[in-house]
Structure formats: structure tokens, C-alpha cells
Amino acid sequence: MATPGLGDYFRAVGVIAANRKSVGAALAQGEDVVVWPGGEVDAMRSWRKRDVATLGGRTGYVKQAIRSGVPILPVATVGGTTPSSCCRRASGWPTRWTS
């Protein structure tokens with residue numbers, strides 16, 4: 001968020017910092033908040049681990065929801081690892097790395 005230009009763009013489209021203060025303020029204003037606790041580690045996991053959610057021990061979002069009295073609606077994304085493995089195969093990388 002601190003990167004000039006990029007941070008401005010993120011703020012303009014509604015991205016907020018992932019901390020107790022900013023998330024608490026958004027929830028207090030009645031805003032919906034979407035959180036990806038696994039971040040890029042979960043999003044870029046290998047195809048072999050496609051059925052495993054990696055949350056990295058992050059539980060702060062649960063505590064914040066309880067404090068704010070808001071529900072948690074679990075949502076799962078499917079197939080996020082597929083494009084990267086397809087691209088690797090198409091580019092001639094050995095398939096033993098991707099399958």
C-alpha cells in the first residue's frame with residue numbers, strides 16, 4: 001500500500017490494510033470485508049496440494065469477527081493452481097515438476 005501509484009490504485013478500489021484497526025473500522029461502518037488468510041502462499045501452492053488450505057496459523061480474522069459481532073462466510077476458490085501448472089507444461093518445463 002506504500003508503493004507510489006500502486007498503493008493509490010489499491011486504496012481507490014477499496015483495499016485496506018490487513019490489521020485490526022482498519023478492519024475493525026470498516027466493519028464498524030457496516031462495510032463487508034473479504035480476507036484471504038493464506039495470502040499468496042495459499043494462492044500459489046502446488047497442484048499436488050490443491051486440496052489443502054494453507055492459513056499459516058492466522059486466526060486474527062476469527063477474533064476480529066467475534067469482537068465486531070459479524071458472521072464469517074467461508075468461501076473456497078477452486079482451480080487457482082491449474083493455470084500455473086498448465087503454463088509450465090506448455091512452456092516446455094519438465095512435467096515431473098508440475099504433476
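Above this text is the structure in question.
Residues numbered from 1 in each chain as written. Predicted model: local features only at pLDDT ≥ 70, side-chain atom pairs only at ≥ 80, totals over all residues. Heavy atoms only, no water.

A. Structural context of the overall build of the protein. The helix and strand tally for the protein stands at five helices and zero strands. For the protein, the α and β elements follow one another from N to C terminus as α-α-α-α-α. The proportion of buried residues among the 99 residues of the protein is 15%. Within the protein, counting contacts between residues at least 6 apart in sequence, those at least 24 apart form 37% of the total. (Helix = DSSP H or I, 4+ residues; strand = E, 2+ residues; numbered from the N terminus. Buried < 20%, exposed > 50% of the residue type's maximum accessible area, 1.4 Å probe, protein only. Contact = heavy atoms within 4.5 Å.)

B. Broad picture of the environment of D8. By the element assignment, D8 lies in helix α1 (residues 6-12). A residue is classified by how much of its surface remains accessible, and D8, at 46% relative accessible area, is partly exposed. A polar contact is formed between the side chain of D8 and the side chain of R11, at a distance of 3.0 Å. (Polar contact = N/O pair within 3.5 Å; in protein donor to acceptor, adjacent residues only side chain to side chain.)

C. Highlighting the layout of surface pockets. A volume near 600 Å³ is recorded for the second largest pocket. Lining the second largest pocket are 22 residues, and of these A17, A18, V23, V34 and V35 sit closest to its centre. For the lining of the second largest pocket, the element with the highest residue contribution is helix α4 (residues 60-68), accounting for five residues. Its residues assigned to classes, the lining of the second largest pocket comprises twelve nonpolar, four polar and six charged. (1 Å grid on protein atoms, 1.4 Å probe; cavity = no way out; pocket = protein on both sides within 12 Å on 5 of 7 lines; lining within 4 Å. Points joined across faces, edges and corners; volume = space filled by probe spheres on them. Nonpolar A, V, L, I, M, F, W, Y, C, P; charged D, E, K, R; others polar.)

D. Focus on a nonpolar patch on the surface. A cluster of nonpolar side chains, namely L6, Y9, F10, V13 and V15, defines an oily patch on the protein surface of about 450 Å² accessible area. Its place among the elements puts F10 in helix α1. (Patch = residues over 30% accessible without salt bridge, like charges linked within 9 Å, V, L, I, M, F, W, Y side chains within 5 Å. Areas by Shrake-Rupley, 256 points an atom, 1.4 Å probe, with all protein chains shown as cover. Salt bridge = Lys/Arg side-chain N within 4 Å of Asp/Glu carboxyl O.)

E. Local environment of the packing of helix α2 (residues 20-28) against α4. Between α2 and α4, whose axes approach to 10 Å, the crossing angle comes to 40 degrees. Between α2 and α4, the angle falls in the class oblique. Here α2 runs over α4; the crossing is right-handed. Facing α2, whose interface residues are R20, V23, G24 and L27, α4 presents Q64, R67 and S68. Taken together, the residues of the contact of α2 with α4 break down into two nonpolar, three polar and two charged. (Axes fitted to C-alpha atoms, helices over the stretch in contact; angles between N-to-C directions. Parallel < 35°, antiparallel > 145°, perpendicular 65-115°, else oblique. Left-handed = near helix turned anticlockwise from the far one by under 90°.)

F. Local environment of α2. Restricting attention to buried positions, one finds in α2 the residues S22, V23, G24, A26 and L27. The residue sitting at the N-terminus of α2 and contributing the capping side-chain oxygen is N19; that oxygen lies 3.2 Å from the backbone nitrogen of K21. Positive phi appears at G30, one or two residues downstream of α2, with a value of about 85 degrees.

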